[in-house]
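Architecture at a glance
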Amino acid sequence: MPTLTLKQRPLPQPLPDLGLPPLLTRILAARKITSNRGLSYSLQDLLPPSDLGGMSAAVALLVTALTERQRILIVGDFDADGATSSALAVAALRAMGAAFVDFLVPNRFEFGYGLTPEIVAVAAKKKPDLLITVDNGVSSIEGVAAAQALGIKVLVTDHHLPGVQLPTAEAMVNPNLHGETFASKNLAGVGVAFYLMMALRAELRSQNWFVEQNILEPNLASYLDLVALGTVADLVTLDQNNRILVQQGLQRIRSGVCRPGIAALIEVSGRTAGRFVSSDFAFALGPRINAAGRIDDMSVGINCLLSDDHEEALALAQQLDGLNRERRSIEAEMQGEAEGVLESLKNLGRKELPSGLCLFQPHWHQGVIGIVAGRVKDQLHRPVIVFAAQEEGSEVIKGSARSIPDLHIRDVLASVASAHPKLILTFGGHAMAAGLSLLEKNLALFRQAFTEQVEIALAGRMPDREILTDGVLQAEDFNLERAEQLRNLMPWGQGFEVPLFEGRFELLEQRRVGDKHWKMQLQAEGSFILVDAILFNYEAELPLKEDIWLDLVYQLDVNFFRGKKSLQLLIEAVV
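Keep in mind that this is a model prediction, so the values were computed, not measured. (Residues numbered from 1 in each chain as written. Predicted model: local features only at pLDDT ≥ 70, side-chain atom pairs only at ≥ 80, totals over all residues. Heavy atoms only, no water.)

Let's talk about the sheet that holds strand S13 (residues 501-513)
Spatially, the five strands close up into a barrel ordered S13-S14-S15-S17-S16, and their pairing is mixed. Recorded for the sheet is a direction-independent mean angle of 45° between the axes of neighbouring strands. Here strand S16 (residues 549-561) runs beside strand S17 (residues 564-574); their pairing, made up of 10 bridges, is antiparallel. Paired with Phe560 across the strands is Lys565, a residue of S17. The sheet contacts of helix H17 (residues 480-489) involve S13, S16 and S17, and relative to S16 the element is tilted by about 80°. (Pairing = 2+ DSSP bridges. Helix = DSSP H or I, 4+ residues; strand = E, 2+ residues; numbered from the N terminus. Axes fitted to C-alpha atoms, helices over the stretch in contact; angles between N-to-C directions. Contact = heavy atoms within 4.5 Å.)

This is the structure:
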């Protein structure tokens, strides 16, 4: 197992005056909020759409499509970001008067990722005049060319990192294109789509379109629940611009004015709209939307998000909930098999484990390999790629990679591809996650090449697992009021992590909840404060012994039970 080290977040000196309790000021200052401007989440503080490159050409394409009543087809990705992007684009274009708008999401098991020539052939049956990619397209060189050869124009909206060559689309909007100066590189695909719709609405307004067409100008803020869901679920960094988008979406949900599909997903997940927080996007709504793309067909998720009828949306949300339960069952079985494969490696001792792990079973489910890769990565703190057969009898295997903070996984795959041309058939992704395909017969060679490039990137040293904390919580902050303030202070998430504290506690009572969870009563060292705590998914050396001292990393949180609120610690790690 990797060594766990704790490190306190550095603080600027002197601390800023934010007009907040000292603990909250310290937490925000550690996340580089040093003025009240960082506390503002007004839509007026968003970066303007005109700052995003390629917007003029993209808007011109859309204005022409609307005025000439062209057929528009949205081509999305098969995850929560792609689903929310697709739903937003379809709904907003319809609201702005587009005569013919539909969507198409590639089935990951048949067509793979992005605008491929094969999916273009399927799209062509709908006879579109304009294809709009959302959350994909920057690497779809062949697919864009195939569409254009059929006389179909292509507008690419994406946020993924580009390769050396770009597709020859009629327009492209992506904050991560080479030379792009947009100040927020962290927009999710749904954020890019939202920016495009803002720019289009402004242009249509300037042309008096809504008045001439007798159309009520849409309030784009009504789509911010979709933007918030896709942004958090895609694990993009919550910089100031993204926090504005997420916070605005949260406010709509808490006030009960979200879309029927979002409300239905909240209902089936057992959450409550009035106390919804950003982590609920990540752990409740996102997995249910993603389950459609992993197990079945993402159109179920998109139709749920598009529905204007509560009963229809609820039926679709229940279908998504069932798919998510199926996904969890498949994942548990694969996880058990993966742990069996790893057992022999772990017995070798940490120093002898490969720097990068590649696991493969031909019968593993292609839609769940990414989740399993993430679980193994968290367990062993190493970059992990889990492979599955592309389809039964295929010579091609597909892999999903997950990385640790010290290693940019897409760059590693690019290095492997450079050192071994034609070894990897396709690849793409981000710093922390990527996908690839290769021939099964080349897996052994890829394992060796992957490990070599990981060792080069890490300079031969495997880093320990490090947790950044906000220090030790003082006795006066162990209370329900402070927990509620922390819960609602900010939209916590990737790159703007929820506050974690470290401390020593005496374990007074414990009981098992489910198979792997533990409810506890603790007493903080040096105080008479008793506090309830919960520890999820803990398997090491069970059961814990009572009347012992534990060094813990934890969140200060609120427990809601039978209409009552109480203070609770969410234990992140037992050190």
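Continuing now.
Here we look at the nonpolar core
Membership of the largest hydrophobic core comes to 142 residues, with the highest contact counts inside it found for Ile74 and Leu93. Apart from the residues lying within four places of it in its own chain, the contact partners of Leu93 are Leu62, Leu66, Ile72, Ile74, Ala98, Val101, Ile132, Met197 and Leu200. One finds Cys358, Ile404, Leu438 and Leu443 within the second-largest nonpolar core, a separate group that totals 24 residues. (Core = buried A, V, L, I, M, F, W, Y, C linked by side-chain atoms within 4.5 Å. Buried < 20%, exposed > 50% of the residue type's maximum accessible area, 1.4 Å probe, protein only.)

A look at a negative patch on the surface
Taken together, the side chains of Glu267, Asp309, Glu311 and Glu312 define an acidic patch exposed on the protein surface. In this structure, Glu312 sits in helix H13 (residues 310-347). Here Glu312 falls in the partly exposed class, since its relative accessible area comes to 44%. (Patch = residues over 30% accessible without salt bridge, like charges linked within 9 Å, V, L, I, M, F, W, Y side chains within 5 Å. Areas by Shrake-Rupley, 256 points an atom, 1.4 Å probe, with all protein chains shown as cover. Salt bridge = Lys/Arg side-chain N within 4 Å of Asp/Glu carboxyl O. Lys, Arg positive; Asp, Glu negative; His and termini not counted. Charge placed at Lys NZ, Arg CZ, Asp CG, Glu CD.)

Description of the sheet that holds strand S5 (residues 153-157)
Strands sit in the order S3-S2-S4-S5-S6 across an open sheet of five strands; the sheet is parallel. With partners counted over all chains shown, the strands left at the sheet margins are strand S3 (100-104) and strand S6 (171-173), one partner each. Within this sheet the neighbouring strands show an average axis-to-axis angle of 20°, counted without direction. Relative to S5, strand S4 (residues 130-134) runs parallel, the two being bridged by five bridges. When the sheet's bridge partners are listed, Leu130 is paired in S5 with Lys153.

The analysis is restricted to geometry; functional conclusions fall outside its scope.
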